[in-house]
Protein chains: 2
Amino acid sequence: IVDGRQSPTAAAVQRGVCRLLIHMGFAPLTEFSLKTGRRIDVAGINAKGEIIAVEIKSSLTDFRADQKWEDYLDFCDRFFFAVPMEFPRDVLPEETGLIVADQFGAEILRDSPEDRLPAARRKAVTLLFARVAARRAHLAIDSGV
Amino acid sequence: IVDGRQSPTAAAVQRGVCRLLIHMGFAPLTEFSLKTGRRIDVAGINAKGEIIAVEIKSSLTDFRADQKWEDYLDFCDRFFFAVPMEFPRDVLPEETGLIVADQFGAEILRDSPEDRLPAARRKAVTLLFARVAARRAHLAIDSGV
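Parameters and conventions
- Residues numbered from 1 in each chain as written.
- Chains lettered and ligands numbered in written order.
- Predicted model: local features only at pLDDT ≥ 70, side-chain atom pairs only at ≥ 80, totals over all residues.
- Heavy atoms only, no water.
- Core = buried A, V, L, I, M, F, W, Y, C linked by side-chain atoms within 4.5 Å.
- Buried < 20%, exposed > 50% of the residue type's maximum accessible area, 1.4 Å probe, protein only.
- Contact = heavy atoms within 4.5 Å.
- Pairing = 2+ DSSP bridges.
- Helix = DSSP H or I, 4+ residues; strand = E, 2+ residues; numbered from the N terminus.
- Axes fitted to C-alpha atoms, helices over the stretch in contact; angles between N-to-C directions.

## Quick word on the nonpolar core
By size, the foremost hydrophobic cluster in this structure holds 59 residues, and its most contacted members are A:Phe32, A:Phe129, B:Phe32 and B:Phe129. If near-sequence neighbours (up to four positions away) are discounted, A:Phe32 is found in contact with A:Arg38, A:Arg39, A:Ile40, A:Ala43, A:Val125, A:Leu128, A:Phe129 and A:Val132.

Written out as structure tokens, the structure is:
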């Protein structure tokens, strides 16, 4: 889902990230809104129930405009920034994962430390993920409701 | 998702059932394949994590060809048959829920008894639902992978 505010660069990175997540065994979900009102650019869940969150930064301006990424750490086991090739990577915090992506694919340059979700939070995030993904899939076949 | 084997009547019932589920607070997922190889015509999950399964029967022939509905009971809290208006409803088992539907909507004629899933099974079904729904939503925006 590409919303009106998303730049072509961010859309390309999102597409590549989704492909990478699938390759890694994670079902991807874009624009995943949490109960806090914050929105994960791309979330993923694998067969073990592990949850990844990816925050896309299309440019330095984009990165500087919003540095609330720590809010996401409570909702995932691993957190990555994803940026285009030309992004100045040395501004990014070193304690997170790092993905470089374009529209065709993506690559992990630095893995994320794992910080396992507590069971109750994992259960809640998984349920929310299931409901948002199902509504998204349904909208694609019946936009009337 | 309407596959090649689905009749226009079944597709209409599926559409109406999805709308009913949304109205009831359940995010709907069509053609939900379980690990057993069986496929739930429409599954739904609500904000409490309750899981509904709906088996569509478009005609008496369709009903007589496959009566394995009891297999689904282990994967949901409530089970319904969904049929078109003209379906001879008295052939259906009385111990399940019953929905009548067309392409515009649906109505519950008989509620289903509730048979709560064990926690471990609920967790597994919710995770599978999340992954299938996310892959479905992703296919709608990027069919290349």
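## Some words on the sheet that holds strand β5 (residues 97-102) of chain B
All names here are of chain B. Strand order in this open sheet of six strands is β1-β2-β3-β4-β5-β6, and the pairing throughout is mixed. Only two strands of the sheet have a single partner each, and these edge strands are β1 (27-33) and β6 (105-110). Taken pair by pair, the neighbouring strands of this sheet meet at an average axis angle of 30°, ignoring direction. Here strand β4 (residues 78-83) runs beside β5; their pairing, made up of four bridges, is parallel. Directly across from Phe81, in β5, lies its bridge partner Leu98. The strands touched by helix α1 (residues 8-23) within the sheet are β1, β2 (39-45), β3 (51-56), β4, β5 and β6, with β2 carrying the most contacts at an inclination of about 20°. Relative to β1, helix α3 (residues 119-141) is tilted by about 95°, and along the sheet it contacts β1, β2 and β3.

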